[in-house]
Number of protein chains: 2
Amino acid sequence: MSEKTKARKAALAEKLVELAERQIQLGGLASLKARPLAQDAGCAVGAIYNVYDDMTALVLQVNGRTFQRLGAAVTKAVESARQDTPTQRLIAMSHAYLHFASENTNLWRALFDVEMSADGPVPQWYLDALGGLFSNIAEPLSEIFPDMHEHELDLMTRALFSSVHGIVLLGLERRISGVPDDQIEKMIGQVLTQIG
Amino acid sequence: MSEKTKARKAALAEKLVELAERQIQLGGLASLKARPLAQDAGCAVGAIYNVYDDMTALVLQVNGRTFQRLGAAVTKAVESARQDTPTQRLIAMSHAYLHFASENTNLWRALFDVEMSADGPVPQWYLDALGGLFSNIAEPLSEIFPDMHEHELDLMTRALFSSVHGIVLLGLERRISGVPDDQIEKMIGQVLTQIG
DNA sequence: TCAACCCCTGAACACCGTTCAGTTCGGTAA
DNA sequence: TTACCGAACTGAACGGTGTTCAGGGGTTGA
């Protein structure tokens with residue numbers, strides 16, 4: 001394959017992932033359809049499959065971008081709270097997580113809604129991105145519980161992430177509990193303050 | 001409509017919901033298809049729509065049964081721990097929630113995966129069932145925090161439920177990577193013990 | 001210039017939930 | 001018993017998915 005065609009392929013891949021991201025953001029993961037996407041991109045449906053194995057691969061590409069932005073938002077939050085107490089840093093991270101999910105609900109949902117059981121194992125970058133989030137949580141935790149064994153610290157890290165994730169998930173789900181963002185913030189604060 | 005036809009209709013509705021429940025349990029919500037279901041039930045595809053408005057209505061019926069069994073399991077757990085501390089009762093309920101989700105993963109997932117945003121409001125029994133779960137949580141909480149205002153207690157109730165739900169959700173999601181139930185139990189214990 | 005190559009096209013395929021005209025069946029009145 | 005009618009049931013057909021693939025057409029290299 002020549003350089004020119006490679007560049008064209010890359011350009012199409014980029015255009016498709018941007019259009020897909022936009023569509024998921026606006027209408028949710030379920031609203032992303034192959035034919036309208038191709039029309040938006042000015043190509044035929046078949047062209048999508050020269051660039052991505054299937055629609056799931058395209059969604060995973062979108063998720064990669066989303067995870068990157070999410071990680072950046074959380075990291076920024078914990079770094080600007082560098083001089084605060086560990087508990088306050090945990091709360092700052094959780095609030096950043098909440099605000100990202102609240103402002104990018106459909107993209108954030110797509111991170112967890114995408115079907116991955118179909119083919120092989122979870123992509124490595126998925127695990128890496130999650131590991132980055134976890135290490136951000138583990139650090140303040142190890143200050144709060146300096147004597148905790150590594151294994152238990154790891155468990156506690158996952159437990160806290162899962163807790164905050166659950167609060168944000170059900171909080172944003174309007175049909176289950178549907179509460180405004182500041183109430184969700186309060187819930188996160190209630191739980192994390194008890195921990196510290 | 002005569003009594004006989006009503007009975008026949010009810011019998012088909014029952015048969016369909018049982019077959020659907022079985023199928024979701026075995027293969028997940030996505031594996032429930034109209035045509036195989038009709039074949040299993042010994043009727044034509046169209047007959048399904050004489051009994052249920054659409055497949056979503058059928059799934060909601062299955063979810064109703066699941067929610068009832070889940071509620072019974074949690075209630076039983078909190079009642080057999082009647083003489084324990086409030087924190088222990090919270091942990092007992094959470095463990096019951098975990099075990100139910102672990103042993104009925106696909107049915108439990110269907111409770112949250114079903115699409116309901118399409119049409120009207122959430123069914124009343126959905127809210128009632130959730131309210132029942134919440135009141136089970138609120139009772140021990142009000143013992144732990146007797147001076148807490150009602151509004152904050154309600155928030156804390158939802159926060160705790162969401163936390164446990166998140167831990168169970170993400171814990172079971174990585175079941176393949178080998179996070180056994182007792183580790184999830186430990187995570188729940190870690191978080192709830194800190195609360196009490 | 002021109003053949004070999006392969007990207008790109010879009011009709012076609014398999015499968016989905018859902019519909020509906022035609023058929024069959026159940027209940028009821030003659 | 002018979003005749004009739006409305007409701008239930010049938011299953012092919014409809015509209016909409018994601019995905020495929022033979023063939024047309026642009027790109028490349030000699």
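About the criteria used
- Residues numbered from 1 in each chain as written.
- Chains lettered and ligands numbered in written order.
- Predicted model: local features only at pLDDT ≥ 70, side-chain atom pairs only at ≥ 80, totals over all residues.
- Heavy atoms only, no water.
- Helix = DSSP H or I, 4+ residues; strand = E, 2+ residues; numbered from the N terminus.
- Buried < 20%, exposed > 50% of the residue type's maximum accessible area, 1.4 Å probe, protein only.
- Contact = heavy atoms within 4.5 Å.
- Near = heavy atom within 4 Å.
- Polar contact = N/O pair within 3.5 Å; in protein donor to acceptor, adjacent residues only side chain to side chain.
- Nonpolar A, V, L, I, M, F, W, Y, C, P; charged D, E, K, R; others polar.
- Least-squares fit on C-alpha atoms with pLDDT ≥ 70 in both.
- Buried area = accessible area lost by both parts, 1.4 Å probe.
- Salt bridge = Lys/Arg side-chain N within 4 Å of Asp/Glu carboxyl O.
- Phe/Tyr/Trp six-rings, centres within 6.5 Å; stacked < 30°, edge-to-face > 60°.
- Arc of directions from axis to C-beta.

Caption draft 1: Just the overall build of chain A, in detail. The helix and strand tally for chain A stands at nine helices and zero strands. In sequence order, the secondary structure elements of chain A are arranged as α-α-α-α-α-α-α-α-α. For chain A, the spread of C-alpha atoms along the principal axes amounts to about 55 × 40 × 30 Å. Residues counted as buried form 46% of the 196 residues belonging to chain A. Considering only intrachain contacts with a sequence separation of at least 6, the fraction spanning at least 24 residues in chain A is 66%.

Caption draft 2: Representation of the protein's contact with DNA strand D within the structure. As a structural note, the neighbourhood of DNA strand D is formed by 18 residues, with Arg35(A), Tyr49(A), Asp54(A), Met55(A) and Ala44(B) the closest of them. Those atoms of DNA strand D that come within 4 Å of the protein belong to sugar or phosphate at a rate of 53%. One of the backbone nitrogen or oxygen atoms of Ala34(A) is found 3.1 Å away from a phosphate oxygen of DNA strand D. Secondary-structure elements contributing two or more residues to the surface near DNA strand D are helix H2 (34–41) of chain A together with helix H3 (45–51) of chain B. A total of four residues in the surface near DNA strand D trace back to one element, the largest contributor, which is H3(B). In the surface near DNA strand D, the residues fall into nine nonpolar, three polar and six charged.

Caption draft 3: The relation of the copies chain A and chain B, seen in detail. The transformation that overlays chain A on chain B combines an axial shift of 0.0 Å with a rotation of 180 degrees, and the residual RMSD is 0.1 Å. Considering both components of the superposition, the chain copies are consistent with a two-fold axis. Comparing interface residues between copies, 90% of those in chain A also lie at the interface in chain B; the contact surface is shared.

Caption draft 4: The interface of chain A and chain B, seen in detail. Taken together, the contact between chain A and chain B spans 29 residues of the former and 33 residues of the latter. Summing both sides of the interface, chain A and chain B together bury roughly 2,900 Å²; the carbon and sulfur share of this comes to 66%. Summed over the shared surface of chain A and chain B, the result is zero salt bridges. Where chain A touches chain B, the interface holds six residue pairs in polar contact (both at pLDDT 80 or more). Mapped onto the side of chain A that touches chain B, the elements with two or more residues apiece are helix H8 (150–172) and helix H9 (181–195) of chain A. At 15 residues, H8(A) tops the list of elements feeding residues into the side of chain A that touches chain B. The residue inventory of the side of chain A that touches chain B, partitioned by class, reads 16 nonpolar, nine polar and four charged.

Caption draft 5: Local environment of the side chain of Ser162(A). Assignment of secondary structure puts Ser162(A) in helix H8. In contact with Ser162(A), other than residues within four places in its own chain, are Ser163(B), Gly166(B), Ile167(B) and Leu170(B).

Caption draft 6: Spotlight on the environment of Asp182(A). As for its position among the elements, Asp182(A) is in helix H9. Each C-alpha atom, one on Asp182(A) and one on Leu98(A), is 9.9 Å from the other, the two residues being 84 residues apart in sequence.

Caption draft 7: A look at the packing of aromatic side chains. Using the criterion set out here, one finds 13 aromatic pairs over all chains in the structure. Aromatic pair Phe134(A) and Phe161(A): ring centres 5.4 Å apart, planes at 75 degrees, arrangement edge-to-face. In this pair, Phe134(A) is assigned in helix H7 (residues 124–144) and Phe161(A) in helix H8, connecting sequence segments 27 residues apart. Where Tyr97(B) meets Trp108(B), the ring centres are 6.0 Å apart and the plane angle is 80 degrees; that geometry is what we call edge-to-face. With a gap of eleven residues between them, Tyr97(B) in helix H5 (residues 86–103) and Trp108(B) in helix H6 (residues 105–113) connect regions that are remote in the sequence. An aromatic cluster is defined as three or more aromatic residues linked by ring pairs; in this entry it consists of Tyr97(A), Trp108(A), Phe112(A), Phe134(A) and Phe161(A).

Caption draft 8: Structural view of H2(A). All names here are of chain A. For H2, every residue scored as buried is listed here: Leu 37, Ala 38 and Ala 41. Around the axis of H2, the buried residues are gathered within 100 degrees of arc, so they sit on the same side. Pointing more than 90 degrees away from the buried face of H2 are the exposed residues Arg 35, Gln 39 and Asp 40. Gly 42 lies just past H2 and shows a positive phi near 70 degrees.

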